[in-house]
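In case you want the letters, here they are:
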Amino acid sequence: MDRGLSVELLWWEGCPSTERALAELRAVLDELNLPDEVTMREIRTDEEAEAVAFTGSPTILIDGVELMDALGRGAGDEPAGLNCRVYVRRDGRVSPTPDPDDLREALKGARP
Amino acid sequence: MSIAIGERAPDYTLPDTAGDGWSLMGDGTGPTVLVFTCNHCPYALAWHQRIADAARDYAGRDVRFLAINANDAQRYPRDSYEAMQSRVARENWPMPYLHDPTQEVARAYGAKTTPDVFVVDASGTLRYRGAPDSDHDDPAQRAVWLRDAVDAVLAGAEPERAETTPVGCSIKWKQ
């Protein structure tokens, strides 16, 4: 069994992308034969968002490291707050969910 | 408050990014497409090019497209009037980008998300309300629901699909 990889999905109810993001995340976990346990954490207030540097929903943490930070492409100057997060897919399209290839790369990097 | 399909759409005048006022109902010669949108929502951004393409395609057919930003700029500075002006200056917009700082227009229409699309015929009657098409993630959809509705209105017919569920970020209401 893999060591306990921690995968968290931070979400905000004002954004409809949570279900899709979770499905895409679980699909990549399955593909990599990793446990598809994802801890869901709702962010409800601006104060909570500030406290965890939540720049938008969904935000995915792998072993505590934010997905795009893990890939060296952090959120830049995005302010923390209750927002829908803007991701850019590898083909340049704007998307409310991360590119599955980015999830794959980050999860492979986190795997022992 | 909200308006239903077949009801008269409320008229307002809002400023564009150059400060010029636009009446939402125009001069009564053709349909108007109102798109509630904003600067930072991934759904609005993903659909923007498709809506802009439709605005260009219908420009010669007496169809007006008006984009409206009603988000609370105090909590979301990226939706400020200045940020709207910068965006329009940076990008090639085929439609005016109107500012609804009091959110009165968004409330009167019952706009929920960005984007949220309303097609109003030349007489001022609401004929379509909802999403531009079925999938923000598929550019091949080309805002087909919006285009179908405009085509029907131009033909003097009722859109087959008069209402769909708007999908996107919630409008950021003032608290």
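Everything discussed here concerns the structure shown above.
For the structure given in this document, a descriptive report is provided here.

Conventions adopted
Residues numbered from 1 in each chain as written. Chains lettered and ligands numbered in written order. Predicted model: local features only at pLDDT ≥ 70, side-chain atom pairs only at ≥ 80, totals over all residues. Contact = placed C-beta atoms within 7 Å. Nonpolar A, V, L, I, M, F, W, Y, C, P; charged D, E, K, R; others polar. Core = buried A, V, L, I, M, F, W, Y, C linked by C-beta atoms within 7 Å. Buried ≥ 20, exposed ≤ 12 C-beta atoms within 10 Å, placed from the backbone. Pairing = 2+ DSSP bridges. Helix = DSSP H or I, 4+ residues; strand = E, 2+ residues; numbered from the N terminus. Axes fitted to C-alpha atoms, helices over the stretch in contact; angles between N-to-C directions. Expected span 1.5 Å × (residues − 1). Bend = angle between axes of the 7 residues up to and from the residue.

1. What to know about the interface of chain A and chain B
And step 1. Tallying the contact residues gives twelve residues for chain A and ten residues for chain B.
And step 2. Of the residues contributing to the side of chain A that touches chain B, the split by class is seven nonpolar, three polar and two charged.

2. Digging into the nonpolar core
And step 1. The biggest cluster of nonpolar side chains holds 71 residues, and the ones touching the most others in it are B:Val33, B:Val35, B:Ile68, B:Val119 and B:Leu146.
And step 2. Residues in contact with B:Leu146, not counting those within four places in the same chain, are B:Val33, B:Ala54, B:Val117, B:Val119 and B:Pro132.

3. Digging into the sheet that holds strand S5 (residues 97-99) of chain B
All names here are of chain B.
And step 1. Strand order in the open sheet formed by five strands is S5-S4-S3-S7-S8, and the pairing between neighbours is mixed. Each end of this open sheet is capped by a strand with a single partner; those strands are S5 and strand S8 (126-130). Sheet twist, expressed as the mean angle between neighbouring strand axes with direction ignored, is 20 degrees.
And step 2. In terms of strand pairing, strand S4 (residues 64-69) meets S5 through three bridges, oriented parallel. In the sheet register, alanine 67 faces S5, and the bridge partner there is tyrosine 97.

4. Things to note about the pairing of S8(B)
Residues and elements named next belong to chain B.
And step 1. Counting buried positions along S8 gives five out of five residues, so the element sits mostly inside the fold.
And step 2. Two strands pair when backbone bridges link them, and strand S7 (residues 116-120) and S8 are joined in this way by four bridges, in the antiparallel orientation. Among the inter-strand pairings, valine 120 is bridged to a residue of S8, identified as leucine 126.
And step 3. Joining the antiparallel neighbours S7 and S8 is a turn of five residues, in which glycine 124 adopts a positive phi near 95 degrees.

5. A closer look at helix H1 (residues 42-57) of chain B
Residues and elements named next belong to chain B.
And step 1. The terminal C-alpha atoms of H1, which comprises 16 residues, lie 24 Å apart, in line with the 22 Å expected from a rise of 1.5 Å per residue.
And step 2. Where H1 bends most, at histidine 48, the angle is about 40 degrees.
And step 3. For H1, the full list of buried residues reads Pro42, Tyr43, Ala44, Leu45, Ala46, Trp47, His48, Arg50, Ile51, Ala54 and Ala55.

6. Points about the sheet that holds strand S4 (residues 65-66) of chain A
All names here are of chain A.
And step 1. If you trace the four strands from one edge of the open sheet to the other, you get S2-S1-S3-S4, paired in mixed fashion. If you trace the sheet from one side to the other, it starts and ends with strand S2 (39-42) and S4, each paired once.
And step 2. Where strand S1 (residues 7-11) and S2 come together, four bridges link them in parallel fashion. Paired with tryptophan 11 across the two strands is glutamate 42, which belongs to S2.

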